[in-house]
Amino acid sequence: MRIVLLGPPGAGKGTQAEKIVSQFTIPHISTGDILRKNLKESTPLGLKAKEYMDKGLLVPDALVVEIIKDRLAQEDCVRGFLLDGFPRTVTQAKDLDNVLKEMKISLDAVLNIIVDASLLIDRITGRRICKNCGATYHVTFNPPKTKGKCDICNGELYQREDDKKETVKKRLEVYTKETQPLIDYYQQKNLLETINGQQSIDKVFEEIKEKLQGAR
Ligand code: AP5
Ligand code: ZN
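What counts, and where the lines are drawn
Residues numbered from 1 in each chain as written. Chains lettered and ligands numbered in written order. Predicted model: local features only at pLDDT ≥ 70, side-chain atom pairs only at ≥ 80, totals over all residues. Heavy atoms only, no water. UniProt positions renumbered as here; feature names shortened; annotations may be inferred. Helix = DSSP H or I, 4+ residues; strand = E, 2+ residues; numbered from the N terminus. Buried < 20%, exposed > 50% of the residue type's maximum accessible area, 1.4 Å probe, protein only. Contact = heavy atoms within 4.5 Å. Donors = N, O, S within 2.8 Å, 3.2 Å for Na, K, Ca; no water. Tetrahedral: all angles 85-135°; square planar, octahedral: opposite > 155°, others 65-115°. Pairing = 2+ DSSP bridges. Axes fitted to C-alpha atoms, helices over the stretch in contact; angles between N-to-C directions. Phe/Tyr/Trp six-rings, centres within 6.5 Å; stacked < 30°, edge-to-face > 60°.

A. Up close: the UniProt feature "binding site: Zn(2+)" (unreviewed entry) in the chain. Within this numbering scheme, the UniProt entry marks Cys130, Cys133, Cys150 and Cys153 as carrying the feature "binding site: Zn(2+)" (unreviewed entry). For this annotated set, covering 24 residues, all C-alpha atoms fall within 8.5 Å of each other, a compact arrangement in space. Assignment of secondary structure puts Cys133 in the loop between strand E5 (127-130) and strand E6 (136-138). Residue class for Cys133 comes out partly exposed when judged on its relative accessible area of 41%. Setting aside residues up to four positions removed in sequence, Cys133 forms contacts with Cys150, Ile152 and Cys153. Within the secondary structure, Cys153 sits in the loop between E6 and strand E7 (157-158).

B. Layout of the coordination of the zinc ion (ligand 2). For the zinc ion (ligand 2), every protein donor is listed as Cys130 (SG), Cys133 (SG), Cys150 (SG) and Cys153 (SG), and the spread of their distances is 2.3 to 2.4 Å. In this structure, the zinc ion (ligand 2) is coordinated by 4 donor atoms arranged in tetrahedral fashion, with angles at the metal of 95 to 118 degrees. Along the chain, the residues donating to the zinc ion (ligand 2) fall in the pattern C-x2-C-x16-C-x2-C. Overall, the relative accessible area of 4% leaves Cys150 in the buried class.

C. Structural detail: the sheet that holds strand E3 (residues 81-84). The 5 strands lie next to each other as E2-E3-E1-E4-E8, forming an open sheet whose pairing is parallel. Here the strands that pair on one side only, and so sit at the sheet edges, are strand E2 (28-30) and strand E8 (192-196). Pairs of neighbouring strands in the sheet enclose a mean axial angle of 25 degrees, with direction left out of account. Pairing of strand E4 (residues 109-114) with E8, which is carried by 5 bridges, proceeds in the parallel orientation.

D. Inspection of the packing of aromatic side chains at higher detail. Taken as a whole and judged by the stated rule, the model has 1 aromatic pair. Ring centres of Tyr185 and Tyr186 lie 5.2 Å apart, and the angle between their planes is 90 degrees; this geometry places the pair in the edge-to-face category. Just as Tyr185 is buried, Tyr186 falls in that class too.

And the structure:
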């Protein structure tokens, strides 16, 4: 399966991505995670990306397209892949089409997770992530068994730098302006599957599995 996950910040893309990749045994490719890893390691790419990420802005298209091109060329993508947080602009979507065309492959489905804007800020500001394995929790909606500790690896949980309220507002604005047009883009290509993200995490995943079965 070759899948793209679309949806506003906080819709549950990362949460569902963990489940999808484990179900279909495909790599999870998150541009946000790749950029944050570079930032942590202070690579030139990470330092460049930080200027944008801290402000809630998108990193320039050329930088992320290059990341994706390299990643899709790796061997583990032969069986398929899940793109999470990419593409995010029409330019990135067109560049992705070109990369896939060169590779002589195409997407199977684009899953658009829909959540009302009023719920997103609470979801993001309550998010906590494991420092060790990257698993995602929520202080209210998906709390770990022991406060501040990961259920899977007992790692410490932290809050993302860009999950502070003011930055979140900017990210939501950027989503509406830059990323929302992709819904039409993929609808026209007949790839779009709409997912109701306002159900329990398990119910959202059930809906995703049903829609993916239809898309195969
Ligand atoms: P990125 O890391 O991609 O973040 P995002 O798109 O803003 O998405 P989030 O990770 O915030 O949300 P999510 O949908 O994954 O939600 P989650 O599952 O965690 O991007 C960060 C930055 O990197 C960008 O601002 C940009 O600067 C840069 N960047 C990345 N990609 C780029 C690109 N392609 N081009 C340019 N720049 C790029 O869920 C949120 C919370 O809700 C969690 O706490 C979770 O436990 C909870 N939750 C999940 N599902 C449910 C549910 N069903 N019910 C209740 N709670 C739920
Ligand atoms: Zn962990």
